[in-house]
Protein chains: 2
Amino acid sequence: MSEADFIARLRAIATDPAARGLADDAAVLGDLVLTHDTIVEGVHFLPDDGPQDVAWKLVAVNLSDLAAKGATPVGVLLGYSLTGDENWNAEFAAGLESVLRRYGVALFGGDTVRVPGGAPRSFSLTAIGRASPDGVPARSGVRPGDQIWVSGTVGNAGVGLAMRLGEIDPNETCLAAYRRPQPQLTLGRALVPHVHAMMDVSDGLLIDADRMARASGCGMTLMMEAVPLSAALLAVRPDVLDTRLAAATAGDDYQLLFAADPGQAAAIRETGAGLGVALTPVGHAGVGEGLTLIHKAQRIALPERLGFTH
Amino acid sequence: MSEADFIARLRAIATDPAARGLADDAAVLGDLVLTHDTIVEGVHFLPDDGPQDVAWKLVAVNLSDLAAKGATPVGVLLGYSLTGDENWNAEFAAGLESVLRRYGVALFGGDTVRVPGGAPRSFSLTAIGRASPDGVPARSGVRPGDQIWVSGTVGNAGVGLAMRLGEIDPNETCLAAYRRPQPQLTLGRALVPHVHAMMDVSDGLLIDADRMARASGCGMTLMMEAVPLSAALLAVRPDVLDTRLAAATAGDDYQLLFAADPGQAAAIRETGAGLGVALTPVGHAGVGEGLTLIHKAQRIALPERLGFTH
């Protein structure tokens, strides 16, 4: 059974409405929103990433799923792989405390397991949030005609990873985006009344937009020249199409991607301005299927790789 | 930071009442009960255990935590390690479907991650249950003077593991106890009104009784001759103290250990009889600290190893 078949099988099992067909960032049980993500050494973080950063990332990527559902995090359950490296454990605990305090989230429970020597570290987290009284926007709610928006800028974390790997000279903004992603919790909550659909950009703008379009049964067109890039990224990369495609496929952005009726544009801009977050329209939804890319009024081919998978 | 220090640090972080000081089997958030357990190949299951059995065990050990809190399971979130072994994935999915259906539990969500080749398989699960209207018995509620009870029999799974390893001739009962643990959900719910404290016996009767006594700030005395052993176990082991100590330290029983006022004994026996489950008083709680063992009216030394740790 291939991975796609395995996931299809899980979807067939997950018939409860709370599961949202396993096609969303989180499950919705009454007024609670629940998400579970695992991060594995060598896959989601580098073996020599700092343990405080790993703890931060573990919590932040899960809180980002709650942010995408407009939910307010209340607590987490941790699955921790103990290794013999006592300093690593101490640093991880410090990082965990720091990220939980930063976002006002409780540690509810979990377990520690000892893994065989030499096995990669693996950590799992379940985050529990309280839904907004205005609802829980699905990934699948995009309607043809919607504007597609993204928060902040994309690509910083991808460049930060290249910096971490010594491929290019580092700058603080991009490194921080890789090391300490910031879940957009306040923004997510504020956007709930204005959006038809929302998700976080965890694996890359293009792959996540494609997922959102497919989940919604519509097509989506993105304008590459509109994709927001940071000054820090443009300080180390030329502003050419390849840079934009790299930024839109790099992943680890943890920005919010959302779809809204064009009539909501003023309210959305106002929401962003009130929170000091740039919100940028990057495309629109139409009838049809899948993703179409436009650059300076020309259709361009989709890159072979739309983003990070696992 | 040693494991004990690490856990102490997590406890210091987990100040929210929902966490129950990380000293219980589960967290309690409103009327929901939440638990998270990870199982690792080579630690919690054998590399050649059948994937259907591994799926069963992953779900059953988590549901057992809910059973110990008298909660009714509603759904789970799965963290799945994908490997290249497609047949394994298919068998795991079949086992998952079967155990979820058996206990009427929904798959709410989760994630799949690809692990580097050669890494041990590791699976995590968060199980969510609905609390009984009569409350959620804590591990820490034992009162001096309470009777201590255990459900069913202990030691079958430990003998089943020895059978799986080819150390002794197999019998179906003990093998099944190892391969397909049965969370005592109906019993747990029925016991809620009668108990002061309850937990499941996952790591061994002695270690779990010791944990319960310590969490409750009291002492506990167990009578080894009262520890219930199955006919299937006694068919392959002589009924001597060493057998009883082995059974009480082997773990993987997933029976319920509970403390109740002696005045509840008749109601408890009636509850067990109604469900066709043997419930056996195995000791009592007193003032003091930790565990005391008695065998045929003689105090005996605690074994060096009280049960399974990780």
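- Identification of chain A as Thiamine-monophosphate kinase from Sphingopyxis soli is taken from an unreviewed UniProt entry.
- UniProt, in its Function (unreviewed entry) section for chain A, records the words "Catalyzes the ATP-dependent phosphorylation of thiamine-monophosphate (TMP) to form thiamine-pyrophosphate (TPP), the active form of vitamin B1."

### Details of the overall build of chain A
Point 1. Scanning chain A for helices and strands turns up ten helices and twelve strands.
Point 2. Its C-alpha atoms give chain A a radius of gyration of 19 Å, within 12% of the compact-globule value 19 Å for 310 residues.
Point 3. The principal-axis extent of the C-alpha atoms belonging to chain A is close to 55 × 50 × 45 Å.
Point 4. Counting only residues that meet the buried cut, chain A has 60% of its 310 residues in that class.
Point 5. Restricting the contact set of chain A to residue pairs at least 6 apart, pairs at least 24 apart contribute 82%.

### Focus on the sheet that holds strand E8 (residues 219-223) of chain A
Residues and elements named next belong to chain A.
Point 1. In spatial order, the strands read E7-E9-E6-E10-E8-E11-E12; together these seven strands make up an open sheet with mixed pairing. Each of the sheet's edge strands pairs with one partner strand only, and the pair in question is strand E7 (197-201) and strand E12 (298-300). Put simply, the sheet's adjacent strands are angled 30 degrees from each other on average, direction ignored.
Point 2. Sitting on the sheet, helix H2 (residues 51-68) is in contact with E7 and strand E9 (255-260), with an inclination near 160 degrees to E7.

### What to know about the pattern of salt bridges
Point 1. Scanning the model with the defined rule gives 40 salt bridges over all chains in all.
Point 2. Here Arg 9 of chain A makes a salt bridge to Glu 97 of chain B, at a shortest N to O gap of 2.9 Å. Taken together, the residues Arg 9 of chain A in helix H1 (residues 3-13) and Glu 97 of chain B in helix H3 (residues 86-103) connect one chain to another.
Point 3. Given a relative accessible area of 25%, Arg 9 of chain A falls into the partly exposed group.
Point 4. Of the charged contacts in the structure, one is a salt bridge between Asp 24 of chain B and Arg 20 of chain B, with a shortest N-O distance of 2.9 Å.
Point 5. Note on Asp 24 of chain B: relative accessible area 12%, which makes it buried.
Point 6. It is possible to trace a salt-bridge network through shared partners that takes in Arg 20, Asp 24, Asp 25, Lys 69 and Arg 139 of chain A.

### Things to note about the UniProt feature "domain: PurM-like N-terminal" (unreviewed entry) in chain A
Point 1. Per the UniProt annotation, the sites labelled "domain: PurM-like N-terminal" (unreviewed entry) are residues 24-130 of chain A.
Point 2. Annotation note: span residues 24-130 of chain A, helix share 34%, strand share 38%, distance between end C-alpha atoms 16 Å.

### Notes on unusual backbone geometry
Residue and element names in this part refer to chain B.
Point 1. Its identity is not glycine, yet Asp 252 carries a phi of approximately 65 degrees, on the positive side.
Point 2. Residue placement: Asp 252 occurs in the loop between helix H9 (241-249) and strand E9 (255-260).
Point 3. Backbone geometry places Ala 297, a non-glycine residue, at a positive phi of 75 degrees.

### Considering the environment of Tyr 254 of chain B
Residues and elements named next belong to chain B.
Point 1. Relative to the helices and strands, Tyr 254 resides in the loop between H9 and E9.
Point 2. Linking Tyr 254 and Asp 146, residues 108 residues apart in sequence, is a C-alpha distance of 22 Å.
Point 3. Not counting chain neighbours up to four residues away, the residues in contact with Tyr 254 comprise Val 61, Ser 64, Pro 181, Gln 182, Gln 184, Asp 200, Val 201 and Ser 202.
Point 4. One polar contact links Tyr 254 to Asp 252, side chain to side chain, over a distance of 3.0 Å.

### Some points on the domain arrangement of chain A
All names here are of chain A.
Point 1. Taken as a whole, chain A is organised into domain 1 (3-130) and domain 2 (147-300).
Point 2. Domain 1 and domain 2 are separated by 23 Å when their C-alpha centres are compared.
Point 3. Each partner contributes residues to the interface: domain 1 has 25 residues there, and domain 2 has 20 residues.
Point 4. In total, domain 1 and domain 2 occlude about 1,900 Å² of area from one another, counting both sides; carbon and sulfur atoms represent 52% of this.
Point 5. On the surface where domain 1 and domain 2 come into contact, there are five salt bridges.
Point 6. Salt-bridge contacts for Arg 164 lead to Asp 48; the nearest nitrogen and oxygen are separated by 2.8 Å.
Point 7. There are twelve residue pairs in polar contact (both at pLDDT 80 or more) connecting domain 1 and domain 2.
Point 8. Elements that contribute at least two residues to the side of domain 1 that touches domain 2 include exactly H2, strand E3 (72-82) and helix H3 (86-103).
Point 9. Of the residues assigned to the side of domain 1 that touches domain 2, the class counts are twelve nonpolar, five polar and eight charged.

### Regarding helix H4 (residues 156-164) of chain A
Residue and element names in this part refer to chain A.
Point 1. Within H4, burial applies to Asn 156, Ala 157, Val 159, Gly 160, Ala 162 and Met 163.
Point 2. Where H4 is buried, its residues contact helix H5 (172-179) and helix H8 (231-234).
Point 3. Trailing H4 by a residue or two, Gly 166 shows a phi angle of about 80 degrees, which is positive.

### So, the relation of the copies chain B and chain A
Point 1. Rotating chain B by 180 degrees and translating it 0.0 Å along the rotation axis places it on chain A, where the RMSD comes to 0.0 Å. Here the transformation between the copies is reduced to the relation of a two-fold axis. When C-alpha distances to the rotation axis are compared across chain B, the minimum falls at Ala 119 of chain B, with a value of 2.7 Å.

### Topic: the UniProt feature "domain: PurM-like C-terminal" (unreviewed entry) in chain A
Point 1. Mapped onto this numbering, the UniProt entry gives "domain: PurM-like C-terminal" (unreviewed entry) at residues 143-295 of chain A.
Point 2. For residues 143-295 of chain A, the end-to-end C-alpha separation is 23 Å, with 39% helix and 23% strand making up the annotated structure.

### Section: the pairing of E9 of chain A
The two faces of the sheet receive side chains in turn, since in a regular strand these alternate between them.
Residues and elements named next belong to chain A.
Point 1. By the criterion of burial, E9 is predominantly enclosed, with six of the six residues buried.
Point 2. Here E9 shows no split at all, with Gln 255, Leu 257 and Ala 259 on one side and Leu 256, Phe 258 and Ala 260 on the other all buried.
Point 3. Looking at chain direction, strand E6 (residues 147-151) and E9 are connected through four bridges and run antiparallel. Directly across from Ile 148, in E9, lies its bridge partner Ala 259.
Point 4. The pairing of E7 with E9 spans five bridges and is classified as antiparallel. Counterpart to Ala 197 in the pairing with E9 is Ala 259.

Criteria and thresholds
- Residues numbered from 1 in each chain as written.
- Chains lettered and ligands numbered in written order.
- Predicted model: local features only at pLDDT ≥ 70, side-chain atom pairs only at ≥ 80, totals over all residues.
- Heavy atoms only, no water.
- UniProt positions renumbered as here; feature names shortened; annotations may be inferred.
- Helix = DSSP H or I, 4+ residues; strand = E, 2+ residues; numbered from the N terminus.
- Rg over C-alpha atoms; globule rule 2.2 N^0.38 Å.
- Buried < 20%, exposed > 50% of the residue type's maximum accessible area, 1.4 Å probe, protein only.
- Contact = heavy atoms within 4.5 Å.
- Pairing = 2+ DSSP bridges.
- Axes fitted to C-alpha atoms, helices over the stretch in contact; angles between N-to-C directions.
- Salt bridge = Lys/Arg side-chain N within 4 Å of Asp/Glu carboxyl O.
- Polar contact = N/O pair within 3.5 Å; in protein donor to acceptor, adjacent residues only side chain to side chain.
- Domains from an automatic or database assignment.
- Buried area = accessible area lost by both parts, 1.4 Å probe.
- Nonpolar A, V, L, I, M, F, W, Y, C, P; charged D, E, K, R; others polar.
- Least-squares fit on C-alpha atoms with pLDDT ≥ 70 in both.

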